[in-house]
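# Per-entry structural report
Residue strings, one per chain:
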Amino acid sequence: MDDASKLNRRSLLTRLLAGAGAVALSGCERLSETTWFPKVLGLGEKATYRIQRLVLPRKAMAQEFDVADLSPQFRSNGTAMPNNPAYAALAAGGFADYRLEVAGLVERPMSFSLADLRQLPSRAQITRHDCVEGWSAIGMWKGARLSALLEAVNLKPDARYVVFHCADPMEDDGSSPYYESIDLVDAFHPQTILAYELNGKPLPIQNGAPLRLRL
């Protein structure tokens, strides 16, 4: 087989593979629009979560480091400055008017100022952050134990997850605040904190000021 034939064959295979990938992707898109396929994925996610909890001890501790191990710089991961006018106004005032609103399946809905959060039992820890962007950094975090806050609001018996709504928007127009959730095993873990300090100083905006979940 001459070089021209090899190239033509390679080109054909490449196009076939690309075409197959496009078909697979369009098939996944159609499946995601059905009512049954997301439920199947949800069952798989729940099974994976249960297996994880069986394999890992409930209170396994992440490695902690010494002050000498601190990284010279802790990069911003995600948004350095949220596209959120309300957040910009809070930042301009040094977050003096910031409030953490806690509601939902709790007996005592509460609103916490930063001063209130600093009065809760706290924890300082030096841990490594591994970013999905391919970098890592070691920082010293200090903040209120999430377990102490949850005990203050008194969770209802049917509460299973804690949902966090952030200042970062998911849409370019600033709408749809980003959110994430964790289960109560992670929420009550001793290393899960609402950090308000990084390396002995108030949390910078680029690292999530005024408050960042660390777990």
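Conventions used here
Residues numbered from 1 in each chain as written. Predicted model: local features only at pLDDT ≥ 70, side-chain atom pairs only at ≥ 80, totals over all residues. Heavy atoms only, no water. Core = buried A, V, L, I, M, F, W, Y, C linked by side-chain atoms within 4.5 Å. Buried < 20%, exposed > 50% of the residue type's maximum accessible area, 1.4 Å probe, protein only. Helix = DSSP H or I, 4+ residues; strand = E, 2+ residues; numbered from the N terminus. Contact = heavy atoms within 4.5 Å. Phe/Tyr/Trp six-rings, centres within 6.5 Å; stacked < 30°, edge-to-face > 60°. Polar contact = N/O pair within 3.5 Å; in protein donor to acceptor, adjacent residues only side chain to side chain. Patch = residues over 30% accessible without salt bridge, like charges linked within 9 Å, V, L, I, M, F, W, Y side chains within 5 Å. Areas by Shrake-Rupley, 256 points an atom, 1.4 Å probe, with all protein chains shown as cover. Salt bridge = Lys/Arg side-chain N within 4 Å of Asp/Glu carboxyl O. Pairing = 2+ DSSP bridges.

One finds Leu100, Phe112, Leu146 and Leu149 to be the most contacted residues of the largest nonpolar core, which totals 32 residues. Of all the secondary-structure elements, those providing two or more residues to this core are helix 3 (85–92), strand 1 (100–102), strand 4 (136–145), helix 5 (146–153), strand 5 (161–169) and strand 7 (193–198). Of all the elements, strand 7 adds the most residues to this core, at five residues. Here Leu100 is in contact with Met110, Ser111, Phe112, Leu117, Leu149, Leu194 and Leu211, once residues within four sequence places are set aside.

Next up on the list: the packing of aromatic side chains. For the structure shown, the criterion picks out three aromatic pairs. Ring geometry for Phe74 against Trp135: centres 6.2 Å apart, planes inclined by 85°, an arrangement best described as edge-to-face. With Phe74 in the loop between helix 2 (37–55) and helix 3 and Trp135 in the loop between strand 3 (122–130) and strand 4, this pair connects stretches of sequence that are 61 residues apart. Like Trp135, Phe74 is buried. Connected via pairs of aromatic rings, a cluster forms that spans Phe74, Trp135 and Trp141.

In an α-helix there are 3.6 residues to a turn, and that puts residues three or four apart on one side. Two to three positions downstream of the cap, the backbone nitrogen of Ala86 sits 3.0 Å from a side-chain oxygen, assigning the N-cap of helix 3 to Asn84. One or two steps after helix 3, the chain reaches Gly94, where phi turns positive at roughly 65°.

Judged by how many residues are buried, helix 5 sits mostly within the fold: six of eight residues are covered. Three or more residues of helix 5 are buried, namely Leu146, Ser147, Ala148, Leu149, Leu150 and Val153. Asn154 occupies a position one or two residues after helix 5 and carries a positive phi of about 60°.

Our focus in this paragraph is a nonpolar patch on the surface. Residues Val163, Met170, Tyr178 and Tyr179 make up a contiguous nonpolar surface patch of roughly 400 Å² in combined accessible area. With respect to the helices, strands and loops of the structure, Tyr179 is situated in strand 6 (residues 177–183). Residue classification places Tyr179 among the partly exposed residues on the basis of a relative accessible area of 48%.

Moving on: the pairing of strand 7. Where a strand is regular, its side chains alternate between the two sheet faces. With respect to burial, strand 7 is a largely interior element, six of its six residues being buried. Both strand 4 and strand 7 contribute to a ladder of five bridges, which runs antiparallel. Opposite Trp141, over in strand 7, you have Leu198 as the bridge partner. The pairing of strand 7 with strand 9 (residues 212–214) spans three bridges and is antiparallel. What sits directly across from Leu194, in strand 9, is Leu213.

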